Amino acid sequence: MVSVVAALALTITTVLVHPAGTPRSVAPRSGVAAHGLGARCPRFGPTLRMLARRADKTVGTAYRPEYGTADPCYRWVATREFGSLTPEIATFPNAIAARPGRFAFDAAERVFRVARARHLCCQLHALVWDPTEHPEWGIVPDWIRALPPERRHRLMVDLVSRTVRRFRGRVSHVTVVNEALDASGRVRPTTWNTTGDARYIADAFRAARRADPKAILLYNDYGAEGLGSKSDAVLRLARWLHRQRVRVRVDGRVRAVPILDGVGLQMHVGLGTDGPSRLDVRANIRRLAAAGLRVRFTEMDVRVPVAAGKVSARDLRRQRYRYRSLVAECLRARSCDGVTFWGFTDDHSWITEHPSSFSGLGGASILDERYRAKPAREGVVAAFRAGRSG
Ligand code: XIL
């Protein structure tokens, strides 16, 4: 059962997500004249943002301001099509705590500025994360790794508190801790794991809740979208965190609020059996909801085989089906509040940015590299139009 406080947080969040986000406000305000960009950049209607609102969900994308500087269509299309922006890399530990002694928020603020100018909402992403299989990504700076455990733990709590407090009132969701469990559901030994178990995760969430009583706080992971030992463990962890409360002031009254609201399902998937089945996703969302836990698809994309720079027409159709059937599972669940895509154009994608991890795969977004709608976008549109009956 969702607590009154969580329900209240949700109501407030909904207001945050749609503050005057009417279709009237879609014309860019600065830079190239509105009609200039509108004529130059592909547009399609209705936007996903409008469709999502009709279905009582929110839709967002990961965002990198530097791409918008190089190409104004990147920004124009993102802010027209989506209701929410997530800094793709700007709130990782290496962005916020690159050097000892100061936290830097300028990169994240750039994303928030874009969002604010267009009345969009934002999410904070992966504050506590150490992808140990990918040290080459440099997510945790060396100086943090070198700290003695007690100071590292204190730094983690500070980083979460300061970041969440700074953006309080401007964010709907925060994925506070990212990828803390391994494939079999054990708590990973990472730089942040100074307790040898899940207690450090609870400490991070407690700090986040104290810093923002209203944001939706999510534990986020991959490979836990459907059913299996990892998603069993995510459910157990999330339940344990959801039972823990801290007393915080909400709208002038002190209440005991759960330190976690739900689970972020990353939803980086491929075609066929590369990823969970829709029925397993449905069953997983149901059991999370039964435990009072909210869900969001936090990083969705659907990678496909690419040969000599081309994707076959058949795979484009399969991709469309995959997007449609999975997004439909969020749409049919009251506990799922929406979908964030991990980028929206094949021009910029973390899949092609890391070819060693995804050899022969790419083309994962809903728009092509020139921002034209792919069949995948039609699949997402169809899911939003069908709403709860999809
Ligand atoms: C990725 C970014 O998209 C890349 O630009 C960066 O080099 C590495 O991280 N799971 C997550 C995301 O939770 O934060 C990751 O984002 C993709 C996998």
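All of these numbers come straight from a predicted model, not from anything done at the bench.

1. With respect to the packing of aromatic side chains
Next up, step 1: Under the criterion given, the structure shown has 13 aromatic pairs.
Next up, step 2: Look at Trp-137 and Trp-350: their rings are 6.2 Å apart centre to centre, the planes differ by 85 degrees, and that puts the pair in the edge-to-face class. Of this pair, Trp-137 sits in the loop between strand 3 (121-128) and helix 8 (142-145) while Trp-350 sits in helix 14 (residues 350-353), and the two are 213 residues apart along the sequence. For the pair Trp-137 and Trp-350, a shared accessibility class is recorded, and that class is buried.
Next up, step 3: Site record: aromatic cluster; members linked through ring pairs are Tyr-63, Tyr-67, Tyr-74, Phe-82, Tyr-323, Phe-341, Phe-344 and Tyr-371.
Next up, step 4: Across from the ring centre of Phe-167, 6.0 Å away, lies the NZ or CZ of Arg-166, which sits over that ring.
Next up, step 5: Stacked on the ring of Tyr-222, the Lys or Arg Lys-230 has its end atom at 4.1 Å from the ring centre.

2. What to know about the pairing of strand 6 (residues 245-250)
Next up, step 1: The alternating pattern of strand 6 places Val-246, Val-248 and Val-250 on a buried face and Arg-245, Arg-247 and Arg-249 on a face that is not buried.
Next up, step 2: Pairing between strand 6 and strand 7 (residues 253-258): six bridges, direction antiparallel. If you follow Arg-245 over to strand 7, its bridge partner there is Pro-258.
Next up, step 3: In this antiparallel pair of consecutive strands, strand 6 and strand 7, the connection spans two residues, and Asp-251 shows a positive phi of 50 degrees.

3. Comments concerning the pattern of salt bridges
Next up, step 1: For the structure shown, the criterion picks out 24 salt bridges.
Next up, step 2: Between Lys-374 and Asp-346 there is a salt bridge, and its shortest N-O distance comes to 2.7 Å. One end of the pair, Lys-374, is in the loop between strand 13 (361-362) and helix 15 (375-386); the other, Asp-346, is in the loop between strand 12 (336-341) and helix 14, and 28 residues separate them in sequence.
Next up, step 3: Residue Lys-374 is classed as buried on the basis of its relative accessible area, which comes to 7%.
Next up, step 4: Within the structure, one salt-bridge network assembled from shared partners comprises Arg-64, Glu-66, Glu-88 and Glu-353.

Criteria and cut-off values
Residues numbered from 1 in each chain as written. Predicted model: local features only at pLDDT ≥ 70, side-chain atom pairs only at ≥ 80, totals over all residues. Heavy atoms only, no water. Phe/Tyr/Trp six-rings, centres within 6.5 Å; stacked < 30°, edge-to-face > 60°. Helix = DSSP H or I, 4+ residues; strand = E, 2+ residues; numbered from the N terminus. Buried < 20%, exposed > 50% of the residue type's maximum accessible area, 1.4 Å probe, protein only. Lys NZ or Arg CZ within 6 Å of the ring centre and 35° of its normal. Pairing = 2+ DSSP bridges. Salt bridge = Lys/Arg side-chain N within 4 Å of Asp/Glu carboxyl O.

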